[in-house]
Amino acid sequence: MREHRIRTIDDWNLTRRALLASLGVGLGTVALPHPHAGAQSPEATAGARAESLTIDLSSEPDTLDPALTYTPAGWSVVHSVYDSLLQYDNDGNLELLLAESWEWTTPTTIQVKLRPDITFHNGEPLTSNAVQFSLAHITAEETASQVSANFAVIESFNEIDDLTFELVLSQPAPWLPAQVAAWLAILPPEYATSNDFARNPIGTGPYKFEEWRSGESIALSINDDYFAGSPKGAQIADAVTYRFVPDATTRVADLLSGSAQLVQGVPIDQTGSIEDGGQMVIAQPVSGTAFVRVPNTVEPFIDPQVRIALNMAVDVEGIVEALDGGYGTRQANLFVPSSIGYDPDIAPYAYDPEMARELLESAGYADGLSLKMDVSALERLDIAQAIAAQLGEVGVDVAVTQKEPALFNAPDQWTGVAEDAAELRVITWRPLFDPYTLLSLMFSNTGFLSRFDDPTIQGLIDAFSTESDPESRSAIGRELGKEMHDNPAAIYLYDLTAIYGLAADAPPWSPRADEYVIATYRGE
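Summary of the structure given here.

Thresholds, definitions, all that
Residues numbered from 1 in each chain as written. Predicted model: local features only at pLDDT ≥ 70, side-chain atom pairs only at ≥ 80, totals over all residues. Heavy atoms only, no water. Helix = DSSP H or I, 4+ residues; strand = E, 2+ residues; numbered from the N terminus. Rg over C-alpha atoms; globule rule 2.2 N^0.38 Å. Buried < 20%, exposed > 50% of the residue type's maximum accessible area, 1.4 Å probe, protein only. Areas by Shrake-Rupley, 256 points an atom, 1.4 Å probe, with all protein chains shown as cover. Lys, Arg positive; Asp, Glu negative; His and termini not counted. Charge placed at Lys NZ, Arg CZ, Asp CG, Glu CD. Core = buried A, V, L, I, M, F, W, Y, C linked by side-chain atoms within 4.5 Å. Contact = heavy atoms within 4.5 Å. Phe/Tyr/Trp six-rings, centres within 6.5 Å; stacked < 30°, edge-to-face > 60°. Pairing = 2+ DSSP bridges. 1 Å grid on protein atoms, 1.4 Å probe; cavity = no way out; pocket = protein on both sides within 12 Å on 5 of 7 lines; lining within 4 Å. Points joined across faces, edges and corners; volume = space filled by probe spheres on them. Nonpolar A, V, L, I, M, F, W, Y, C, P; charged D, E, K, R; others polar. Axes fitted to C-alpha atoms, helices over the stretch in contact; angles between N-to-C directions. Parallel < 35°, antiparallel > 145°, perpendicular 65-115°, else oblique. Left-handed = near helix turned anticlockwise from the far one by under 90°.

1. Digging into the overall build of the protein
Thought 1: Check the secondary structure of the protein and you find 16 helices and 20 strands.
Thought 2: Here the protein has a C-alpha radius of gyration of 23 Å; the compact-globule value for 524 residues is 24 Å, and the two agree.
Thought 3: Seen through its principal axes, the protein has C-alpha atoms that stretch 70 × 60 × 40 Å.
Thought 4: Here the protein, with 524 residues, has 56% of them falling under the buried criterion.
Thought 5: When the accessible surface of the protein is split by element, carbon and sulfur atoms take 48% of a total near 20,600 Å².
Thought 6: Each charge class in the protein was averaged separately, 29 positive and 75 negative side chains, and the resulting centres sit 4 Å apart.

Given below as structure tokens:
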């Protein structure tokens, strides 16, 4: 048995002890060392490739249509089969992927040149027409993509030649590259016109689609023609099987038994058993954040004092320590360190339940509040319960309901129209290299997921979305972050870390800050 470092918390106050004890949380927790992302066993050597690799994902994609894929599990498969024009590295820098060049010729004009000699898995050539087709698909009304509006700024597509095209925008959109990287996977026009590519996708990516067994797995095979030097990295297996294993304990058991070599979503309290079993635990910082969305368009949240009080009532550091092994830093707003506009000088709210009670009393709620909180079945119920328990200590009684993803994500749940919709919603959001999508969808007064409307914040969101100069845009982001701290749109929680289990004899693998699980190695 190897020895694990135990982080004790004897200095916690009695209130915090009582809260965590009531939730069944121990007062000591296994603390992972924070390993180097992608750290490998000494036996692993760059360039090694396995005959096969089995990856346990925590959920099954609803579709493999890139325009309709909204979960890390879906993105993992989509970005294994497809490529976008651009992608982000782990430091938040844009990289050219299918694009050989990307040039802003004016604030509203982009000229793109594609890499030559790239073919889809069926032999179709990558051309400007394929990009135009893919744009038309994601913006088509019949596709019903939730992110179609983020491409509506493209006013015209001008094909210059087979490998060169120009995008003309209706207004400056410095956030557009982030949308392209995440959502604009390029489809083969001939195949996609007459085939069900949502179930049988064909792309240009490092792996080719082979089979989808509903409720069980998706099988991929290596694309031997994948272009050398791709920033996605080198393939690490000839065949990859993604299995859908919702139960975390089962995923860990699969790793320990050898039936899976890479597992997603390892619970903190099971990391010790993985290491005792001779396998590895990898902690990868993710460009993302956790928060509880709070509306400001209905009582009692119109008064910002109430929203500030909710932030002060939650001991984020204590929750992270007790339930997440210390992975995560309390955030001051929606911007995380990898985000454009992040300001480290804005301090998060301090845990101060006494001040929270005073603010609620000043706002006219001395007798407390009764609220509802929804959390998706894909998220951590124990964290939602801990937040609710701490809010209860300042007189805010919160009823927590965990809902299946399809119900949780229904538009009438987001907008509060549904009778059973909760005022509070526990959210994790990634990637946040450019936070435009989150801001525009959930906190703009025109966002279809929004229940927030503030003229000052709206003006800053609008300015952030159109400023072309990177330094000026970052400054606007910092101003927006300060305003969203002082006039909170959420209970701001912590930045995200993905915890994986990896077999000791697995080939070198690179985790990603966007949380796509792709069987590639990008080097040190």
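2. Points about the nonpolar core
Thought 1: Membership of the largest hydrophobic core comes to 135 residues, with the highest contact counts inside it found for Leu 85, Leu 176 and Leu 391.
Thought 2: Element by element, the count of residues in this core is highest for strand S19 (residues 490-502), at eight residues.
Thought 3: Those residues in contact with Leu 176, other than ones at most four positions away along the chain, are Ile 110, Asn 150, Phe 151, Val 153, Ile 154 and Leu 169.
Thought 4: Formed by 26 residues, the second largest nonpolar core is a distinct cluster that contains Phe 291, Leu 438, Leu 439 and Ile 461.

3. Some points on the packing of aromatic side chains
Thought 1: One pass over the full model with this rule turns up 12 aromatic pairs.
Thought 2: On the basis of an interplanar angle of 55° and a centroid distance of 6.0 Å, the ring pair of Phe 291 and Phe 443 is categorised as tilted. Residue Phe 291 is located in strand S15 (residues 280-293), and its partner Phe 443 is located in helix H14 (residues 436-443); the two are separated by 152 residues in the primary sequence.
Thought 3: For Phe 443, a relative accessible area of 1% corresponds to the buried category.
Thought 4: Cluster of aromatic residues (ring-pair linked, three or more members): Tyr 70, Trp 75, Trp 183 and Tyr 516.

4. Some remarks on the pairing of strand S10 (residues 207-213)
Thought 1: As defined by bridge partners, S10 adjoins strand S11 (residues 217-222) across six bridges and the pair is classed as antiparallel. Paired with Lys 208 across the strands is Ser 221, a residue of S11.
Thought 2: Between the end of S10 and the start of S11, which pair antiparallel, lie three residues, with Gly 215 showing a positive phi angle near 80°.

5. Some thoughts on unusual backbone geometry
Thought 1: Here the residue pair Glu 299 and Pro 300 is connected by a cis peptide bond, since its omega of 5° sits within 30 degrees of zero.
Thought 2: You can see Pro 300 is positioned in the loop between S15 and helix H8 (304-313).
Thought 3: Residue Pro 431 is reached from Arg 430 by a cis peptide bond, and omega for that bond is -10°.
Thought 4: Mapping Pro 431 onto the fold places it in the loop between strand S18 (424-429) and H14.
Thought 5: At Asp 117, a position not held by glycine, the phi torsion is positive, near 65°.
Thought 6: We note that Ala 144 has phi near 60°; this positive angle belongs to a residue other than glycine.
Thought 7: Mapped onto the fold, Ala 144 is located in the loop between helix H3 (128-139) and strand S8 (154-161).

6. As for helix H2 (residues 72-81)
Thought 1: Along H2, 10 of the 10 residues are buried, which leaves the element largely enclosed by surrounding structure.
Thought 2: Looking only at H2, the buried set comprises Pro 72, Ala 73, Gly 74, Trp 75, Ser 76, Val 77, Val 78, His 79, Ser 80 and Val 81.

7. Side note on empty space enclosed by the protein
Thought 1: In the structure shown here, the tally under the stated rule is one cavity of 30 Å³ or more.
Thought 2: In this structure, the largest cavity spans a volume of roughly 40 Å³.
Thought 3: Around the largest cavity, the lining residues are Pro 66, Ala 67, Ser 134, His 137, Ile 138, Trp 183, Leu 184, Ala 185 and Leu 187.
Thought 4: No other element matches H3, which puts three residues into the lining of the largest cavity.
Thought 5: When grouped by side-chain class, the residues that make up the lining of the largest cavity number seven nonpolar, two polar and no charged.

8. Here's the deal with the packing of helix H15 (residues 455-466) against helix H16 (residues 470-486)
Thought 1: At a minimum axis distance of 9 Å, the contact between H15 and H16 shows a crossing angle of 160°. Relative to H16, the element H15 lies roughly antiparallel. Between H15 and H16 lies a crossing of left-handed hand. In contact with Thr 456, Ile 457, Leu 460, Ile 461, Ala 463 and Phe 464 of H15, H16 contributes Arg 473, Ile 476, Gly 477, Glu 479, Leu 480, Glu 483 and Met 484.

9. A short note on the sheet that holds S19
Thought 1: An order of S10-S11-S13-S3-S14-S19-S15-S18-S16-S17 is seen for the 10 strands of this open sheet, with the pairing classed as mixed. Each having just a single partner strand, S10 and strand S17 (396-403) make up the two edges of the open sheet.

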